[in-house]
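Descriptive structure summary
Listed below are the residues making up each chain.
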Amino acid sequence: MDELASAHQPRMFSLQKIVEISYYNMNRIRLQWSRIWQVIGDHFNKVGCNPNEDVAIFAVDSLRQLSMKFLEKGELANFRFQKDFLRPFEHIMKKNRSPTIRDMVIRCVAQMVNSQAANIRSGWKNIFSVFHQAASDHDENIVDLAFQTTGHIVMNTFQQHFAAAIDSFQDAVKCLSEFVCNAAFPDTSMEAIRLIRHCAKYVSDRPQALREYTSDDMNVAPGDRVWVRGWFPILFELSCIINRCKLDVRTRGLTVMFEIMKSYGHTFEKHWWHDLFRIIFRIFDNMKLPEQQTEKTEWMTTTCNHALYAICDVFTQFYEPLSEVLLADIFAQLQWCVKQDNEQLARSGTNCLENLVILNGEKFSPEVWDVTCACMLDIFQTTSPHALLTWRPAGQEEEVGEGKHMDVEFDSQSQSSFERTLSERGHSQMSTASDETWKGKSQTRVSDHRLFAGLLIKCVVQLELIQTIDNIVFYPATSKREDAENMAAAQRDALEQAEEGETEPDQGMYRHLSSQHLFKLLDCLLESHRFAKDFNSNNEQRTALWRAGFKGKSKPNLLKQETSSLACSLRILFRMYSDTQLQDSWPDIQTRLLQVCSEALAYFISLTSESHREAWTSLLLLLLTRTLRLPDDKFKPHASCYYHHLCEMMQFDLIPELRAALRRFFLRIGSVFHIAAPELGRAQPSSS
């Protein structure tokens, strides 16, 4: 051991002499000193990485002494000598894997920060580079010491010497990001995110310092320097955290990123927003990477989901600047989410579309409404589950089943197992299609399994979108309330007394939509209704799907889609039919309304399944109640057109409320067409 020590004595002696020479030459002009240091600094790089720890320790300690002396002299503006002088610390930290040496480097740099912060300028870059290296370490002591010093710099040194550190502000944020991404120390990760949030306050409080700082990026316009040097590094690093970290950390990163936008977005220029959303949309690009399915699913249902709602919040808060530069991109992102084979993300896409339109629709121009309606039309078309009608079992493409006929054999079990869940927004539709169900059907192919899962999601999206249109046009819960009121009015036998819009203010977007937009939405709804009707009428196809394991215990159906799409269509048509601003179009609207209602009634009386007819109860009450509230001149053509169908309806065992509605309808016919004298003492039916 003594021999080993004596062998290194000449090296130690030489190193000591180099330190002395460096110290005595430190007062030379900076240009000369820079040339000297090119040679000496390279020597420190090598000695600091010496495999003998005693030599390396001596080198690092010598470097520390020199650095402290050098930093005492300060640095003139536009000079970068500190950066060159402190570079050996970076090199040693990067190349030397000895925990002892790495710990010593961190302590030396921490000491410099504590004693010479006021004199450090270009050296901050080296300091953050050293701490960046330490941030990904597995040694708790190294990470902890480096993070403590970094936190001290951000909370205290930046507060006092921000102007001197602007050039390395981006390095500081990047360093904090590296601490966040070290999965071994979750507490440090969360605290580092808090420090990044604090960095945003500096940018907000001191934009002038960022604008006035002169450096190498003189090609950046003065007005954009706050973005390039301040906001962009913070928001970009937060997006990196979101894309790199595990769930709890990335969720916190996402929350802080949008908090910063909401808090300081009023200071952002329009083109900054455009750059920012290119970063945000990278969150969704993560899905394009080849990952394991479980990770991809978790990512969609958590991070993508969270991001979608946050994007809509930001868009609503800053509608004026964002609508011009980002509306098309946001709609495209919502469409992308809806088209993924992920039910939660698909639901979120339609819900966010709904929120976006309801909260901002009053400000939409006709052109924006064009884009909005086109977006909904595209989602309708691309998520229509066409394969429900075309799918055939393997090798049985020509098999003749029980025949295609109108008896759709809806039993209560079938209705509850498939449609009842689809009717309630916010609950998973996949739950009833359990793994046991899939495994229990031996003839189910893997490709069919995937196809069926995708088709279920499309069924969900269709229902979600129908509800979305209803909520946008009439405001959420309005239609549900109307159905309840219709039922209550039928029970009181007072179907003609309520006036439309009498009880609640008109909060929906109806008044902001042109007739062309409404007809576009109507076409979507009626197409969805026809598809559901075709499927529900195709008993052979439903049986084949059921036997192949689609949905489980009983035959699949699209009852809710069939009724809700038609109900929303009727609400839109009746509303247009009573809108005095559309008086010139009333003849065309009446023709459309008569056609839709006649087809609906004809279909209803063709049904042979009692449970299927029961599903139409609210729909029929809506149709009859709205028609009864029409004035006499409009009621007449409707009564004439529906008379035959209504007579046929009387053969069914209808619930008392529907019977009451039919009774009122026929009484009104007798009065309006003057084929029955009013009974003495009975009030005349209202014609308002």
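Residues numbered from 1 in each chain as written. Predicted model: local features only at pLDDT ≥ 70, side-chain atom pairs only at ≥ 80, totals over all residues. Heavy atoms only, no water.

The name an unreviewed UniProt entry assigns to the protein chain is Brefeldin A-inhibited guanine nucleotide-exchange 2-like protein, from the organism Labeo rohita.

1. Notes on the packing of aromatic side chains
Any pair of aromatic rings gets described here by the distance separating the centres and the angle formed by the planes. Taken as a whole and judged by the stated rule, the model has 32 aromatic pairs. For the pair Phe364 and Trp369, a centre-to-centre distance of 5.0 Å together with 65° between the ring planes defines the contact as edge-to-face. Comparing Phe364 with Trp369, the two get one shared label, buried. Aromatic side chains Phe604 and Trp616 sit 6.0 Å apart centroid to centroid with 40° between the ring planes, which places their arrangement in the tilted category. Residue Phe604 is found in helix H28 (residues 586–606), and its partner Trp616 is found in the loop between helix H29 (610–615) and helix H30 (617–628); the two are separated by 12 residues along the sequence. Positioned above the aromatic ring of Tyr603 is the side chain of Lys533, whose terminal nitrogen or guanidinium carbon lies 5.1 Å from the ring centre. Over the ring of Trp586 we find Lys634, and its NZ or CZ is 3.2 Å from the ring centre. (Phe/Tyr/Trp six-rings, centres within 6.5 Å; stacked < 30°, edge-to-face > 60°. Buried < 20%, exposed > 50% of the residue type's maximum accessible area, 1.4 Å probe, protein only. Helix = DSSP H or I, 4+ residues; strand = E, 2+ residues; numbered from the N terminus. Lys NZ or Arg CZ within 6 Å of the ring centre and 35° of its normal.)

2. Here we look at the confidence of the model for the protein chain
Low-pLDDT portions of the prediction should not be read for the details of their coordinates. In this model, the protein chain carries an average pLDDT of 84, and 82% of its residues clear a pLDDT of 70 or more. At the low end of the mean pLDDT range in the protein chain sits helix H22 (residues 435–440), at 42; at the high end sits helix H9 (residues 169–180), at 97. (pLDDT = per-residue confidence, 0-100.)

3. A short note on the packing of helix H5 (residues 87–95) against helix H7 (residues 123–135)
One way to put it is that H5 packs onto H7 with a least axis distance of 9 Å and a crossing angle of 10°. Considered as vectors, H5 and H7 are oriented roughly parallel to each other. Across from Arg87, Phe89, Glu90, Met93 and Lys94 in H5, the residues of H7 making contact are Asn126, Ser129, Val130, Gln133 and Ala134. (Axes fitted to C-alpha atoms, helices over the stretch in contact; angles between N-to-C directions. Parallel < 35°, antiparallel > 145°, perpendicular 65-115°, else oblique. Contact = heavy atoms within 4.5 Å.)

4. Quick notes on the nonpolar core
Grouped together as the largest cluster of nonpolar side chains are 192 residues, with contacts concentrated most on Phe89, Trp231, Ile234, Met257, Trp273, Phe277 and Leu570. Setting aside residues no more than four positions away along its own chain, Met257 makes contact with Leu235, Leu238, Ser239, Ile242, Ile280 and Ile283. (Core = buried A, V, L, I, M, F, W, Y, C linked by side-chain atoms within 4.5 Å.)

5. Quick look at the packing of H28 against helix H31 (residues 632–649)
Two numbers describe how H28 lies on H31: the axes approach to 9 Å, and their chain directions differ by 5°. Taken together, the axis directions place H28 and H31 in an arrangement best described as roughly parallel. Counting all contacts with H28, which are made through Trp586, Gln590, Leu593, Leu594, Cys597, Ser598, Leu601, Ala602, Phe604 and Ile605, the residues of H31 involved are Lys634, Pro637, His638, Cys641, Tyr642, His645, Leu646, Glu648 and Met649.

6. Quick word on unusual backbone geometry
Leaving glycine out, the prevailing phi sign among residues is negative, and the prevailing peptide bond configuration is trans. Here Tyr475, not a glycine, exhibits a phi torsion of approximately 85°, which is positive. Within the secondary structure, Tyr475 sits in the loop between helix H23 (446–474) and helix H24 (478–492).

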